[in-house]
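Below, each chain spelled out in residue letters.
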Amino acid sequence: MKYITPFGYCEGADIVSNGYLDGTLITIGLIFGMVGIVAAYWKYTRKDIHSA
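Computed from a prediction, not measured in an experiment: that's the story for all the values here. (Residues numbered from 1 in each chain as written. Predicted model: local features only at pLDDT ≥ 70, side-chain atom pairs only at ≥ 80, totals over all residues. Heavy atoms only, no water.)

Caption draft 1: Representation of the overall build of the protein within the structure. Helix and strand content of the protein: 2 helices and 0 strands. Scored against the burial criterion, the 52 residues of the protein give a buried share of 6%. As displayed, the protein offers around 4700 Å² of accessible surface, 68% of which is attributable to carbon and sulfur atoms. (Helix = DSSP H or I, 4+ residues; strand = E, 2+ residues; numbered from the N terminus. Buried < 20%, exposed > 50% of the residue type's maximum accessible area, 1.4 Å probe, protein only. Areas by Shrake-Rupley, 256 points an atom, 1.4 Å probe, with all protein chains shown as cover.)

Caption draft 2: Structural context of a nonpolar patch on the surface. Judged by side-chain polarity, I15, L21, I26 and L30 come together as a nonpolar surface patch covering roughly 330 Å² of accessible area. With respect to the helices, strands and loops of the structure, L21 is situated in the loop between helix 1 (12–18) and helix 2 (23–45). When its relative accessible area of 42% is taken as the criterion, L21 is described as partly exposed. (Patch = residues over 30% accessible without salt bridge, like charges linked within 9 Å, V, L, I, M, F, W, Y side chains within 5 Å. Salt bridge = Lys/Arg side-chain N within 4 Å of Asp/Glu carboxyl O.)

Given below as structure tokens:
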């Protein structure tokens, strides 16, 4: 669950101690976000809400 929320990627203590964000965790977050966007687009384009 930690890697689904933004707090897993940009924890304040890690930023202060390291001085930078972990690129691997940022990439994982971007992948989760893109998968969510694609899934939402796919689901809602199949619904009958198109205007005529």
